[in-house]
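Chain by chain, the residues:
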Amino acid sequence: MESNDISIRRAQIGDLEQIHYCENTSFEFPWSYAMLYDDIIENENTVYLVVELKGQIIGYGGMWIIFDEAHITNVCILPEYRGKGYAYSLMRELIEVAKEHDADAMSLEVRVSNKAALRLYKKCGFTIHGIRKRYYSNNGEDAYVMWTERGPGLEGY
């Protein structure tokens, strides 16, 4: 995907340092370089995309695709680039890739306190289907489980 100012493409091994930087800059408890390497490079059931602005990776997103379901694992935009629609463009592209892989449903978990992410996911057609109690090990925060499926009336998918 390309727009006037960004491009979104598949992540490659050479992107790992910048992806790791995005992860460390964005999250209190980021994935390690080894975890990212294993998921992006070694796991044949994943698809990771990067968001580039003028040749610099400013964000990334990933998902596991297993049989007919896609599970969003990561969505990350550097703090200074948030609020400009880049995460929405990334989510739309992840949804398109999931469709290309014949996924009939998509899911994700999100912190109950992450209002910006909740707005984004709802805008993309995801709805809350449950809560995972004490899901986040760093502080015991609950996570909403959100889903979207192909079908009439579902805007995001």
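Note that the structure is a prediction, hence the values are computed from the model and not measured.

The rules we used
- Residues numbered from 1 in each chain as written.
- Predicted model: local features only at pLDDT ≥ 70, side-chain atom pairs only at ≥ 80, totals over all residues.
- Heavy atoms only, no water.
- Core = buried A, V, L, I, M, F, W, Y, C linked by side-chain atoms within 4.5 Å.
- Buried < 20%, exposed > 50% of the residue type's maximum accessible area, 1.4 Å probe, protein only.
- Helix = DSSP H or I, 4+ residues; strand = E, 2+ residues; numbered from the N terminus.
- Contact = heavy atoms within 4.5 Å.
- Arc of directions from axis to C-beta.
- Salt bridge = Lys/Arg side-chain N within 4 Å of Asp/Glu carboxyl O.
- Patch = residues over 30% accessible without salt bridge, like charges linked within 9 Å, V, L, I, M, F, W, Y side chains within 5 Å.
- Areas by Shrake-Rupley, 256 points an atom, 1.4 Å probe, with all protein chains shown as cover.
- Lys, Arg positive; Asp, Glu negative; His and termini not counted.
- Charge placed at Lys NZ, Arg CZ, Asp CG, Glu CD.

Draft legend 1. Main features of the nonpolar core. Membership of the largest hydrophobic core comes to 44 residues, with the highest contact counts inside it found for Met63, Met91, Tyr121 and Phe126. Examining the composition of this core, we find that 7 residues originate from one element, helix 3 (residues 86–100), more than from any other. If we ignore the near neighbours within four places in the chain, the residues touching Phe126 are Met91, Ile95, Met106, Ser107, Leu108, Tyr121, Met146, Trp147 and Thr148.

Draft legend 2. Structural view of the environment of Tyr81. The topology assignment puts Tyr81 in the loop between strand 4 (69–77) and helix 3. Among the residues examined, Tyr81 registers a relative accessible area of 18% and is labelled buried. For the pair Tyr81 and Asp102, spaced 21 residues apart in sequence, the C-alpha separation works out to 31 Å. In contact with Tyr81, other than residues within four places in its own chain, are Leu53, Gln56, Ile58 and Tyr86.

Draft legend 3. Region of the structure containing helix 1 (residues 16–26). For helix 1, the full list of buried residues reads Leu16, Ile19, His20, Cys22, Glu23 and Ser26. Down the axis of helix 1, the buried side of the element spans an arc of 155°, and every buried residue falls inside it. Structurally, helix 1 contributes buried residues whose contacts are with helix 2 (33–42), strand 2 (46–53), strand 3 (56–66) and strand 4.

Draft legend 4. Examining the pattern of salt bridges more closely. Applying the stated criterion across every chain yields a total of 6 salt bridges. In this structure, Lys99 engages Glu96 in a salt bridge whose closest nitrogen and oxygen atoms are separated by 3.3 Å. You can see Lys99 and its partner Glu96 sitting in helix 3, 3 residues apart, about one turn around the helix. Lys133 serves as the salt-bridge partner of Asp142, at 3.5 Å between the closest nitrogen and oxygen. Note on Lys133: relative accessible area 62%, which makes it exposed. Several salt bridges share partner residues, and in doing so they unite Arg9, Asp15 and Glu52 into one network.

Draft legend 5. Structural context of unusual backbone geometry. Despite not being glycine, Phe67 has its phi angle at roughly 55°, a positive value. For Phe67, a relative accessible area of 78% translates into the label exposed.

Draft legend 6. The arrangement of a negative patch on the surface in detail. A cluster of acidic residues, Asp68, Glu69, Asp102, Asp104 and Glu149, forms a negative patch at the surface. Along the chain, Asp104 falls in the loop between helix 3 and strand 5 (105–111).

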